[in-house]
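Observations on the three-dimensional arrangement
Chain residues, written in single-letter form:
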Amino acid sequence: MTIDRCHIENFTVFEDQHIEFCKGVNIVIGANGTGKSHLLKLLYAMTQWMTGEKHSTEIEREQWKPHSLINGLFKPEGGDIGLLLRKRTGNHISEISVEFGSQHNSLAIRPDSRGQTYDSSIIAHLPNAKGLFVPPNEVLAIYPGFVASYEKRELAFDQTYYDICKALAAAPLKTNAILSRLKNNLEGILQGSVIQKGDRFYVQSEKSARTLEAHLLAEGHRKIAALIHLINNGSISKDTILFWDEPEANLNPRLIKHVANLLRDLAKIGVQVFISTHDYLLTGELSLAAEYRTQPRVPIRFFAMSRNEDGPVDVQSGETLADLTDNPILDEFAEHYQREQDAVASYMKERGHAE
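Description of the structure in this document. (Residues numbered from 1 in each chain as written. Predicted model: local features only at pLDDT ≥ 70, side-chain atom pairs only at ≥ 80, totals over all residues. Heavy atoms only, no water.)

1. Remarks on the pattern of salt bridges
Scanning the entire structure with this criterion turns up eight salt bridges. One salt bridge in this structure joins Asp-265 and Lys-268, with 3.2 Å as the shortest N-O distance. Linking Asp-265 with Lys-268, this pair stays in helix α8 (residues 253-268), spanning three residues, or about one helical turn. According to the relative accessible area criterion, Lys-268 is partly exposed, its value standing at 37%. If you follow the salt bridges from partner to partner, you end up with Arg-5, Glu-20 and Glu-99 in one network. (Salt bridge = Lys/Arg side-chain N within 4 Å of Asp/Glu carboxyl O. Helix = DSSP H or I, 4+ residues; strand = E, 2+ residues; numbered from the N terminus. Buried < 20%, exposed > 50% of the residue type's maximum accessible area, 1.4 Å probe, protein only.)

2. A short note on the packing of helix α1 (residues 36-48) against helix α3 (residues 66-74)
Helices that pack against each other are described as a pair by the angle of their axes relative to one another and the distance between those axes. The contact between α1 and α3 brings their axes to 10 Å, and the two run at 150°. Between α1 and α3, the crossing angle belongs to the class labelled roughly antiparallel. Between α1 and α3 lies a crossing of right-handed hand. Contacts between α1 and α3 involve His-38, Lys-41, Leu-42, Tyr-44, Ala-45 and Gln-48 on the former and, on the latter, Leu-69, Ile-70, Leu-73 and Phe-74. A class-by-class count of the residues in the contact of α1 with α3 yields seven nonpolar, two polar and one charged. (Axes fitted to C-alpha atoms, helices over the stretch in contact; angles between N-to-C directions. Parallel < 35°, antiparallel > 145°, perpendicular 65-115°, else oblique. Left-handed = near helix turned anticlockwise from the far one by under 90°. Contact = heavy atoms within 4.5 Å. Nonpolar A, V, L, I, M, F, W, Y, C, P; charged D, E, K, R; others polar.)

3. Remarks on the side chain of His-7
Examined against the element boundaries, His-7 turns out to sit in strand β1 (residues 5-11). Looking at His-7, the relative accessible area reads 16%, which means it is buried. Side-chain polar atoms of His-7 contact the side chain of Asp-16, separated by 2.6 Å. Not counting residues within four places of it along the chain, the set of residues in contact with His-7 comprises Asp-16, Gln-17, His-18, Glu-95, Ile-96 and Ser-97. (Polar contact = N/O pair within 3.5 Å; in protein donor to acceptor, adjacent residues only side chain to side chain.)

4. Focus on empty space enclosed by the protein
Evaluation of the coordinates by the stated rule reveals one cavity of 30 Å³ or more. By volume, the largest cavity is sized at about 90 Å³. Lining the largest cavity, in full, are Val-134, Pro-135, Asn-137, Glu-138, Val-139, Ile-164, Lys-223, Ala-226, Leu-227, Leu-230 and Trp-244. For the lining of the largest cavity, the element with the most residues is helix α7 (residues 219-232), which contributes four residues. (1 Å grid on protein atoms, 1.4 Å probe; cavity = no way out; pocket = protein on both sides within 12 Å on 5 of 7 lines; lining within 4 Å. Points joined across faces, edges and corners; volume = space filled by probe spheres on them.)

Pasting the structure below:
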């Protein structure tokens, strides 16, 4: 199951936006404060509510109710999700709907009868959709004891960190040949395999008998190690909808092409991918694959989000970066190039006067 389109009305930076997605890799770009992470979290939320019925404990069932999930993902002050409405006076409500083919899930956020607090309700339901959200910061180093501390409300992290730690806790499975190949490719980058012992993760070097605890690895390598384990335990598999916020964070630029290839490889096996990014190399690699129709072809779509000061966000889309008229990543690199040219010209001018 894949997300085909969504409609977001009166929520944070969104005034009234209809957005259509592709079944492969969806790349969201934009300056800070344009709602990239908000979009991913909303889509993730809409895939998760029906899974709440499967949870066994009262704490888990409560966390997957609409009101609790929005609160956990966005962390509004005092738990008042009404603060997330763009317009909070009068009879304004927020409506978010997501279409999965012919089926959809909708959420309405409206003031209660006193107009002081807000409630949320599901208008329609969808069959269970398997979503996984990978936050920008790696989690292996904080994994030990994280779930228990979060459930005791001792941590200020948003719920994406809790959810991925729960996903990491699942035991390894016997993966199919395709997923094994993806895992092996990542292990080649890491030059080792990932081992879980109790509540700690380790990397076993492929060149020696040395075993290194995860928190001693570079942060970028810990992100790769987490992906290996999530593939190995079935959290990432066919029909998963993967949301990855800033995959380039703390990664050496040499690893970016491997991440781009991984995203395309996941899409080939039926994983729908949503990423938000500021990275020139990552967007460039994915745009090249789309422009030159790298085989086998994977659907790729770019979304540029922009806004003027405190105005609502505007979203434009295209199959390549060249289709976007508003590209803050490319614009900044063009300005950097111009600053470099100006600096060289100024230096040469000053040097000429000195001589």
